[in-house]
Amino acid sequence: SLVTHQRRIMLQCLLKSQNTDVALIQETHLEEKYRVLIKGYRCYRDDRGVGTMVLVKEKYQSHQLTTDTDVINSCSVNLRAGNTNWRITSLYIPCGSSGKTLQNDLQSINRQFQNTIMGGDLNARHRSWCTETNTTGNAIRRWLDDIDTNLSIVSPGEPTYNKSKLDHFLVS
């Protein structure tokens, strides 16, 4: 959560110490009344559900994109790096999400961009990236296998929650 000023200061210190260009943040739990100002960054956010955010260094041209989703909490940004446009999306997929609605949301977020980075708390497990499988992981794996996309799933080497890998990136 980024509700407290102390948490926002900790985030700013982390971004500076890691020399971060782009940060994808989930479960912000912010309401419109909370302002998030991080020196040197543009802050894009969507406060629906648990809240998602993308922070982009001011040196990049960027603007927020609108995405209509039913299940996924997301915040998408068009970022221009050199001569290339990227769609950068912070995702939060609630536990137990599955089926066509989830896949339609992913397709809605992914459309019209060749260069895509989607990442966050997907609450997804699948044997292709960890030892267990759940319905969300099955739905994401089916979507990746069924659509005509060049997206790959990238998972951390270490568990991200309670011995499971729930946080992932989808990258083209």
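Residues numbered from 1 in each chain as written. Predicted model: local features only at pLDDT ≥ 70, side-chain atom pairs only at ≥ 80, totals over all residues. Heavy atoms only, no water.

**Some points on the packing of helix α2 (residues 99-110) against helix α3 (residues 135-146)**
1) Next: Put simply, α2 and α3 touch, their axes get as near as 9 Å, and they point 50 degrees apart. Looking at the two axes, α2 sits oblique to α3. α2 and α3 meet at a crossing whose hand is right-handed. Along its contact with α2, which presents Gly-99, Leu-102, Gln-103, Leu-106, Gln-107 and Asn-110, the element α3 presents Thr-136, Ala-139, Ile-140, Arg-142 and Trp-143.
2) Next: Looking at the contact of α2 with α3 residue by residue, the classes come out as five nonpolar, five polar and one charged. (Axes fitted to C-alpha atoms, helices over the stretch in contact; angles between N-to-C directions. Helix = DSSP H or I, 4+ residues; strand = E, 2+ residues; numbered from the N terminus. Parallel < 35°, antiparallel > 145°, perpendicular 65-115°, else oblique. Left-handed = near helix turned anticlockwise from the far one by under 90°. Contact = heavy atoms within 4.5 Å. Nonpolar A, V, L, I, M, F, W, Y, C, P; charged D, E, K, R; others polar.)

**Here's the deal with α3**
1) Next: Here α3 is 12 residues long and its end C-alpha atoms lie 16 Å apart, about the 16 Å a rise of 1.5 Å per residue gives.
2) Next: Thr-136, Gly-137, Ala-139, Ile-140, Trp-143 and Leu-144 are the residues of α3 that are buried. An end-on view of α3 places all buried positions within 165 degrees of arc, on one side of the element. In α3, those exposed residues whose orientation departs by more than 90 degrees from the buried face are Asp-145 and Asp-146. (Expected span 1.5 Å × (residues − 1). Buried < 20%, exposed > 50% of the residue type's maximum accessible area, 1.4 Å probe, protein only. Arc of directions from axis to C-beta.)

**A closer look at the state of the cysteines**
Among covalent bonds in proteins, the disulfide is the one between the sulfur atoms of two cysteines.
1) Next: Counted by the stated rule, this structure contains zero disulfides.
2) Next: With no disulfide of its own, Cys-13 lies 17 Å from the sulfur of Cys-43, the closest cysteine sulfur.
3) Next: The class of Cys-13 is partly exposed, set by a relative accessible area of 49%.
4) Next: With no disulfide partner, Cys-43 has as its closest neighbouring cysteine sulfur the one in Cys-75, 7.8 Å distant.
5) Next: Under the relative-accessibility criterion, Cys-43 is labelled partly exposed at 26%. (Disulfide = S-S within 2.5 Å.)

**Observations concerning the sheet that holds strand β3 (residues 52-57)**
1) Next: Pairing is antiparallel in the open sheet, where three strands are placed in the order β1-β3-β2. Each of the sheet's edge strands pairs with one partner strand only, and the pair in question is β1 (22-26) and β2 (41-46). This sheet shows a mean twist of 15 degrees between the axes of neighbouring strands, independent of strand direction.
2) Next: Note: β2 against β3, six bridges, orientation antiparallel. For Tyr-41, the partnering residue across the bridge sits in β3 and is Lys-57. (Pairing = 2+ DSSP bridges.)

**A closer look at α2**
1) Next: Along its 12 residues, α2 runs 17 Å from first to last C-alpha, staying within 8% of the 16 Å computed at 1.5 Å per residue.
2) Next: Buried within α2 we find Leu-102, Gln-103, Asp-105, Leu-106, Ser-108, Ile-109 and Asn-110.

On their own, these measurements won't tell you what the molecule is for.
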